[in-house]
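# What the coordinates show
Residue-level listing of the chains:
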Amino acid sequence: MAILEVRDIKKSFGNIEVLKGISFDMEKGQAVSILGSSGSGKTTLLRCLNFLETPDNGKISVNGTILFDGDQQNLSDTELSKRRLHFGMVFQQFNLFPQYTALENVTLAPLLNDKSRNRQDIIDDGKLLLDKMGLSDRMGNYPHQLSGGQQQRVAIARALALKPDILCFDEPTSALDPELTGEVLKVIRELASQHTTMIIVTHEISFARNVSDEVIFMDGGVIVEKGSPEQVIDNPKSDRTRQFLSNVHSSK
Amino acid sequence: MFITVTLSLLNGFLETLKLFSLTLLFALPLGLIISFGSMSKSPVIRLPIRFIIWVIRGTPLMLQLLVIFYGPGIFFGKNIWGSGTSGRFSAALVAFVINYACYFSEIFRGGIQSIPKGQYEAAAVLGLSKTQTFFRIILLQVVKRIVPPISNEVITLVKDTSLARVIAFYEIIWEGERFIKSAGIIWPLFYTGAFYLMFSGLLTLLFGYIEKKLDFFK
């Protein structure tokens, strides 16, 4: 059974229809990359999954449980928070909390809201996650003392600390110096090799090719093409996909 | 004579300090509440609050003191403040709290609105409630940003307390002025400046310390 089912998601901002009916499934343990030019709606789709935007229409289910159904839009805050936890989110701009250390950023949310684990467990778990991110010597540092790549790796650990069913990345390397993208991509690649279920919105075509099980190409608020990386990136069927890929390649 | 004057001025300065500290105690939290009102999505809340802020910031504090002290008696035929010293103090306190809460609210609003949207979104996707987000994530960042403008306002407040003498509140300048009539000397009035200077010096040091304490993050 699919871990995530998305059906006919629509979203408009004013008169502009950004998502015109998006449907797709993904399996547990898969990494799905979403490609597309700016304004294609890929970030909005990710934000809809995380309830940062409320879709106008459609259905989202995780593990067979319906999280969003076009009809019921007025959720209470607590209910919304609970449903959000199925998804983790890593932002383009990291959005770490500046007044907390790397470790505190990772442990803050579970310490506040996860009553099923004790304090020491959560802290040990946070340390383990930062260690996995290659940041064992940075746990006590504040965000402003870390490089962009390190900050993004803390953000990834922070998202993982809540053990989400699906981890979402919104252009995780777009705000980084070219030199620093490698260390973040490496971490994501490792997560993929451990079969973390992930949706990655990215502009890094070659990264998407070798990290993902499936690639979705979006344009103008619809899914134009979806399939294995070999299909979509190496042998695109649609003209729009071909055009996008050749523009990206020629600009490199 | 010097000792007599000093003691008498100290007495007045204690009244000044009382007005100063109670104003801060009430105006800071009230200012925070007003700032939420002035940012409310509902115009029924937002517009009246913006109007009040406009009136309070747009008229002299001295005038507000007079209106608050004499207004109830003139307009409603009822002097709610009583005739004694404590009544005048209460009226002065109410005027100062309203005035300063409005100024503080604008500083809070600026501080709160300067926090990037990404902080709220990061907190939201981590499942934090609105209350948790405000108190655990936003508040300290706001405090850090508003310490310099708040310190400015607080130091202004030290000196503004002298306005309360228009409703015969016996603060330090009132005490200093008394010596002109009673002893024919003017230097005690000038001497009050030393008290203000010393106290604002202390506050400057205190706010410098707070700023430094909050320097651990950016």
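Residues numbered from 1 in each chain as written. Chains lettered and ligands numbered in written order. Predicted model: local features only at pLDDT ≥ 70, side-chain atom pairs only at ≥ 80, totals over all residues.

## Structural notes on the overall build of chain B
In terms of helices and strands, chain B carries eight helices and zero strands. In chain B, the succession of α and β elements from N to C terminus is α-α-α-α-α-α-α-α. With respect to the principal axes defined by its C-alpha atoms, chain B has extents near 70 × 45 × 25 Å. The 218 residues of chain B split such that 30% are buried. Across chain B, the fraction of contacts at a sequence separation of at least 24, relative to all contacts at a separation of at least 6, is 73%. (Helix = DSSP H or I, 4+ residues; strand = E, 2+ residues; numbered from the N terminus. Buried ≥ 20, exposed ≤ 12 C-beta atoms within 10 Å, placed from the backbone. Contact = placed C-beta atoms within 7 Å.)

## Quick notes on the sheet that holds strand β8 (residues 198–201) of chain A
Residues and elements named next belong to chain A. Taken in spatial order, the six strands of this open sheet run β6-β7-β8-β3-β9-β10, and their pairing is mixed. The outermost strands of the open sheet, each flanked by one partner alone, are β6 (87–90) and β10 (222–227). For this sheet the average axis-to-axis angle between neighbouring strands, irrespective of direction, equals 20 degrees. Here four bridges tie strand β3 (residues 31–35) to β8, and the two strands are oriented parallel to one another. Directly across from serine 33, in β8, lies its bridge partner isoleucine 200. Set on the sheet, helix α5 (residues 148–160) makes contact with β6 and β7 (166–170); between it and β6 the angle comes to about 170 degrees. (Pairing = 2+ DSSP bridges. Axes fitted to C-alpha atoms, helices over the stretch in contact; angles between N-to-C directions.)

## Points about unusual backbone geometry
Of note, the phi angle at A:Asn95 is positive, near 55 degrees, even though the residue is not glycine. Mapped onto the fold, A:Asn95 is located in the loop between β6 and α3 (102–113).

## Quick word on the sheet that holds strand β4 (residues 57–62) of chain A
Residue and element names in this part refer to chain A. Taken in spatial order, the four strands of this open sheet run β2-β1-β4-β5, and their pairing is antiparallel. Edge positions in the sheet fall to β2 (16–26) and β5 (65–69), since each of these pairs with one other strand and no more. Geometrically, the sheet is characterised by an average inter-axis angle of 20 degrees between neighbouring strands, direction not taken into account. The pairing of β4 with β5 spans four bridges and is antiparallel. Its bridge partner being in β5, valine 62 is matched across the sheet by threonine 65.

## As for the interface of chain B and chain A
By convention, interface size is frequently given as the accessible area that disappears when the constituent parts associate. The interface of chain B with chain A comprises 19 residues on the first partner and 21 residues on the second. Residue assignment for the side of chain B that touches chain A shows that the elements contributing at least two residues are α5 (117–125) and α6 (130–160) of chain B. Along the lines of polarity and charge, the residues of the side of chain B that touches chain A split into nine nonpolar, six polar and four charged. (Nonpolar A, V, L, I, M, F, W, Y, C, P; charged D, E, K, R; others polar.)

## Here's the deal with the packing of helix α4 (residues 85–113) of chain B against α6(B)
All names here are of chain B. Running from N to C, α4 and α6 cross one another at 145 degrees; their axes reach a closest spacing of 9 Å. Once α4 is placed against α6, the crossing between them reads as right-handed. Contacts between α4 and α6 involve Tyr100, Tyr103, Phe104, Ile107, Phe108, Gly111 and Ile112 from the former and Ile138, Val142, Arg145, Ile146, Pro149, Ile150, Glu153 and Leu157 from the latter. Class assignment for the residues of the contact of α4 with α6 results in twelve nonpolar, one polar and two charged. (Left-handed = near helix turned anticlockwise from the far one by under 90°.)

## Details of the domain arrangement of chain A
All names here are of chain A. The domains assigned to chain A are domain 1 (4–86 + 164–250) and domain 2 (98–163). On a C-alpha basis, the centroid separation for the pair domain 1 and domain 2 is 25 Å. Taken together, the contact between domain 1 and domain 2 spans eleven residues of the former and eleven residues of the latter. For the side of domain 1 that touches domain 2, the residue count by class is nine nonpolar, no polar and two charged. (Domains from an automatic or database assignment.)

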